[in-house]
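Chain by chain, the residues:
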Amino acid sequence: MKKSGRVKAFFTRRKRACFVMAFFVSAQVVSGAAVSGGALYTDALGNLRSYKDSPVITGYFSYRGASSLEDKRERFFYSDGYFKEAATVYDEHLATMSMCLAGAAMSSYEGAQIDYPTKSVNVRELLDRIGCTDICVNSDFMVKPGEDTIGVCLGRKRINVNGEEYTLIPIGIRGAGYEKEWIGNMKIGSEGDANGFKKACERAKETVDSYIKKLNIDTTKTKFWIAGFSRAAAVTDLLTAALTDAYDPSGANVYGYSFATPQAAYNKTRSYPNSHCTINTSDAVPRVVPSYMGFSHYGDEVFLDDVSTSFKSYRMSVEYAVDMGSLTIPQSIAFSETDMYPDQRTFLDKLMNALQGAVSPDRQSFSTKRIEDGETVEQIFAKLLKFMMTSDSKHVEEVASAVSGFQDRLGVDGLLKLSDMITAVKEGINTMERSERDTIYAATWQWFRPGLESTLTKDEFEKLGKMWGSLVYALLEIAHYDYVYSGREGFALIGTLMKNMSLIGGAHNPEKYFDLVKAKDNFYMNEIGTPVEKTDEVFRIAEASDVDAVVYSEGKPVAAISGGRMSASHDGSVCIKRLSDKGSELTEAYEGILYENLNPDNERAMTMDMEKDYKVVLIARDRGEDVELQKWIDESGNEISQKDTLEISVNRGNAQYEMVKPVYRTVPKPTPSPEPTPVPEPEQKPGGIPGWIYMVAGGIACGGAAGGVYAKKRINKRKRDNLH
């Protein structure tokens, strides 16, 4: 018994040693990245900014601004943590990020008005940089816009919310640079929600429904995030309501954030507190579909006051020459400051009152009544607002100056006609005969034509000429209202409007909204200076979905990358992006509705600030027990390393390699040993060898050659002992 115990102890020690050695080798070969690189990656995440325990991605994106004819740059801060609270809870960080999404979704200046598929490049870039995949645009983003079209871009991203996996679907809606779609802004129709916005919403929802169907997305585990500016803001408000009704009646998982939001909901029967409508109180656009007609927002209103405006109230008065018999001739027009309208918001309120009281008392008269057999108030309003809100401030100021200085070109005959016009203003132009009104229209066209022709574009000038009679009638009726309610001391509404045209237009600029929402977001408080221009590519990573990475600057982590996509960053100039994402790469993906870049795009570019030094540690991802990293190679196919992590130095834009790529191989499976042929158990005889000895001997033989030899000697000795 004592000798037999020694055999068992030896076998046990040998088996344990073999198992430990096999585990150690396996861990180094198969799971080395998870051990060494994984710890590196996790440590980096712990040292980067987070929000509600989710990493923050800091970066830059482009959007269509109003102050230039080139796309502008702005910072963004994104985190999955924005979606941990219910959508009914307003989040100032998500609000700013939503303004970024809304701005990026504006039609890019790239491609002019020829290459329309490139117009969505900014929003596709932004969605890619926050980690989205399957990025698609709808067919309306691929062609020249029409009156009822709406550009939509969307993608998806897997996020973890309180331990549960969700699919996040960001939806950016085109809100600027949409050409003829401005006409649809004022198509309110005769019943129901504002017609132009409603049609656009229906097209946008069709896009979302198609995306869900194409990718077979489980909507019970989906969070929708919708953002839009101006026209797209009204569509965002409507779409938030529509997606809530269709997919999540509680509204907890449908996040709607809109900016400069016109009112599109008519006599609503339900509110949607998950739709957050942000409004600059000095902006005229949210009022284009008036409240007095029964319109409102479906969502909650978030008001932002623009305290930086230099708005001033003015009266416009007419100075007269000496009497010539019974005729008093107007000599000149003068403007004087007044305190009648203390701020731009009060002025806009009074302007809407004048519109209602003078020419458009109800919805029907606004949308269907033609003025002087020409344009409706709806059409006039749409064209004037389009000019004011889509022209740069310099252009608006030039036109305003030309309009306000018309009296210098009147002459004696013009002064006589001006006297008739002033009489019409005092008494109301609708009290005059049609022939008298036509004379006034012709005379005023001659007064204003030189200044307008020299400042307006050819297209603007031709459109204005066609609607001149209808426009002058409406303005004179508003002037009559102004004359009566301004105390007959001067025209306060008209004077204030003419002196503040550029301010009223500027209140709607996306740059203004960015400034207002950023002022409420402490993520931006420590950000100074002008956002960097597009950073330059320093090297590329092939098979990027198999690569994690940590980027260091001055010894500290500044970015972490997971599966070839940014997962966290402090330095917004560090990013990983598509090599190219122009519109020419977009092809039909689903039933003529959705278009995407069908290239899997598994080679991605690392871009960085060209004035800094960085260290990039690339980590080959663990692909399971059957696959192992073989080596890293460069652009020429040369082996760089066989380690799971690869360190690359980047010195002011100069990297060690143009391209790096991890190469994997399948781990060969060991050939299984053939099953031993069963040996019949020998019959027990008195005085013979017990059967359990054969069982022990067989077990020891399987333990290895050395153990088998040792066991055989012990058994033979025992046999000899038994024989004696």
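Anything mentioned here points back to the structure above.
These lines cover the structure that appears in this document, whether it is placed above or below. Only a predicted model underlies this, so the values are computations on that prediction, with no experimental measurement involved.

**Details of the overall build of the protein chain**
Part 1 of the argument: Regarding its fold elements, the protein chain presents 20 helices and 28 strands.
Part 2 of the argument: Relative to its full complement of 724 residues, the protein chain shows a buried share of 52%.
Part 3 of the argument: Long-range contacts, defined here as pairs at least 24 residues apart, represent 72% of the contacts in the protein chain between residues at least 6 apart.
Part 4 of the argument: Accessible surface for the protein chain amounts to roughly 33,800 Å². Of this, 51% is attributable to carbon and sulfur atoms.

**What to know about the nonpolar core**
Part 1 of the argument: With 93 residues, the main nonpolar core has Leu154, Ile171 and Leu452 as its most contacted residues.
Part 2 of the argument: Per-element tally for this core: the top contributor is helix α15 (residues 468-485), with ten residues.
Part 3 of the argument: Here Leu154 is in contact with Leu127, Asp134, Ile135, Cys136, Ile169, Pro170, Ile171, Thr207, Val208, Tyr211 and Leu594, once residues within four sequence places are set aside.
Part 4 of the argument: Judged by nonpolar contacts, the second largest core, of 80 residues, contains Phe83, Val558, Val616 and Ala620.

**Section: the packing of helix α6 (residues 195-215) against helix α7 (residues 231-247)**
Part 1 of the argument: Between α6 and α7, whose axes approach to 9 Å, the crossing angle comes to 50°. Of the possible angle classes, the one that applies to α6 and α7 is oblique. α7 is crossed by α6, and the crossing has right-handed handedness. Residues Gly196, Phe197, Lys198, Ala200, Cys201, Ala204, Lys205, Val208, Asp209 and Ile212 of α6 form the contact with α7, whose own contacting residues are Arg231, Ala234, Val235, Leu238, Leu239, Ala242, Leu243, Ala246 and Tyr247.
Part 2 of the argument: Considered class by class, the residues forming the contact of α6 with α7 number 14 nonpolar, one polar and four charged.

**Side note on the side chain of Asp248**
Part 1 of the argument: Within the fold, Asp248 resides in the loop between α7 and β8 (254-259).
Part 2 of the argument: Salt bridges are absent for the buried Asp248, whose nearest opposite-charge side chain, Lys223, sits at 7.4 Å.
Part 3 of the argument: Separated by 2.9 Å, the side chains of Asp248 and Ser250 make a polar contact.
Part 4 of the argument: Other than its neighbours up to four places away in sequence, Asp248 contacts Leu243, Asn253 and Val254.

**A look at the sheet that holds strand β2 (residues 54-63)**
Part 1 of the argument: Read across the open sheet, the three strands follow the order β1-β2-β3; overall the sheet is antiparallel. Taken across any chain shown, the strands that pair with only one partner, and hence form the sheet edges, are β1 (50-51) and β3 (72-79).
Part 2 of the argument: Along the sheet face, helix α4 (residues 121-129) touches β2 and β3 and points at about 165° away from the line of β2.
Part 3 of the argument: Those strands touched by helix α18 (residues 510-518) are β2 and β3, and its axis lies near 160° from that of β2.

**Observations concerning the packing of aromatic side chains**
Part 1 of the argument: Inspection of the entire model under this criterion finds 23 aromatic pairs.
Part 2 of the argument: Centre to centre, the rings of Tyr272 and Tyr298 are 5.5 Å apart; their planes meet at 90°, and the pair counts as edge-to-face. You can see Tyr272 sitting in the loop between β9 (265-266) and β10 (275-280) and its partner Tyr298 sitting in the loop between β11 (295-296) and β12 (300-304), a full 26 residues away along the chain.
Part 3 of the argument: With a relative accessible area of 6%, Tyr272 lands in the buried category.
Part 4 of the argument: Here the aromatic residues Tyr51, Phe77, Tyr78, Tyr82, Phe83, Trp225, Tyr255, Phe523 and Tyr524 are joined through ring pairs into a cluster of three or more.
Part 5 of the argument: The ring of Phe335 carries the charged tip of Lys499 above its face, separated from the ring centre by 4.9 Å.
Part 6 of the argument: In this structure, Arg623 is placed above the aromatic ring of Tyr664, and the distance from its NZ or CZ to the ring centre is 4.6 Å.

**Quick word on helix α16 (residues 492-499)**
Part 1 of the argument: Within α16, six of the eight residues are buried, which leaves it mostly tucked inside the rest of the structure.
Part 2 of the argument: Of the positions making up α16, those classed as buried are Ala492, Leu493, Ile494, Gly495, Thr496 and Met498.

**Brief notes about the sheet that holds strand β6 (residues 164-173)**
Part 1 of the argument: The strand order β12-β10-β8-β7-β6-β5-β4-β21-β20 describes an open sheet built from nine strands, whose pairing is mixed. If you trace the sheet from one side to the other, it starts and ends with β12 and β20 (586-590), each paired once. In this sheet, neighbouring strand axes are inclined to one another by 25° on average, regardless of whether the strands run parallel or antiparallel.
Part 2 of the argument: Direction of pairing for strand β4 (residues 133-138) relative to strand β5 (residues 152-161): antiparallel, over a ladder of three bridges. Bridge pairing links Thr133 to Arg156 in β5.
Part 3 of the argument: In this fold α4 packs onto β4, β5, β6 and β20, with an angle of close to 10° to the strand it touches most, β5.
Part 4 of the argument: The sheet contacts of α6 involve β4, β5, β6, β7 (222-229), β20 and β21 (594-597), and relative to β5 the element is tilted by about 50°.

**Describing the packing of helix α3 (residues 92-104) against α18**
Part 1 of the argument: With their axes 9 Å apart at the nearest point, α3 and α18 run at an angle of 165° to one another. When the axis of α3 is compared with that of α18, the two are roughly antiparallel. Classified by chirality, the crossing of α18 by α3 is left-handed. Contacts between α3 and α18 involve Thr96, Met99 and Cys100 on the former and, on the latter, Pro510, Tyr513, Phe514, Val517 and Lys518.

Conventions adopted
- Residues numbered from 1 in each chain as written.
- Predicted model: local features only at pLDDT ≥ 70, side-chain atom pairs only at ≥ 80, totals over all residues.
- Heavy atoms only, no water.
- Helix = DSSP H or I, 4+ residues; strand = E, 2+ residues; numbered from the N terminus.
- Buried < 20%, exposed > 50% of the residue type's maximum accessible area, 1.4 Å probe, protein only.
- Contact = heavy atoms within 4.5 Å.
- Areas by Shrake-Rupley, 256 points an atom, 1.4 Å probe, with all protein chains shown as cover.
- Core = buried A, V, L, I, M, F, W, Y, C linked by side-chain atoms within 4.5 Å.
- Axes fitted to C-alpha atoms, helices over the stretch in contact; angles between N-to-C directions.
- Parallel < 35°, antiparallel > 145°, perpendicular 65-115°, else oblique.
- Left-handed = near helix turned anticlockwise from the far one by under 90°.
- Nonpolar A, V, L, I, M, F, W, Y, C, P; charged D, E, K, R; others polar.
- Lys, Arg positive; Asp, Glu negative; His and termini not counted.
- Salt bridge = Lys/Arg side-chain N within 4 Å of Asp/Glu carboxyl O.
- Polar contact = N/O pair within 3.5 Å; in protein donor to acceptor, adjacent residues only side chain to side chain.
- Pairing = 2+ DSSP bridges.
- Phe/Tyr/Trp six-rings, centres within 6.5 Å; stacked < 30°, edge-to-face > 60°.
- Lys NZ or Arg CZ within 6 Å of the ring centre and 35° of its normal.

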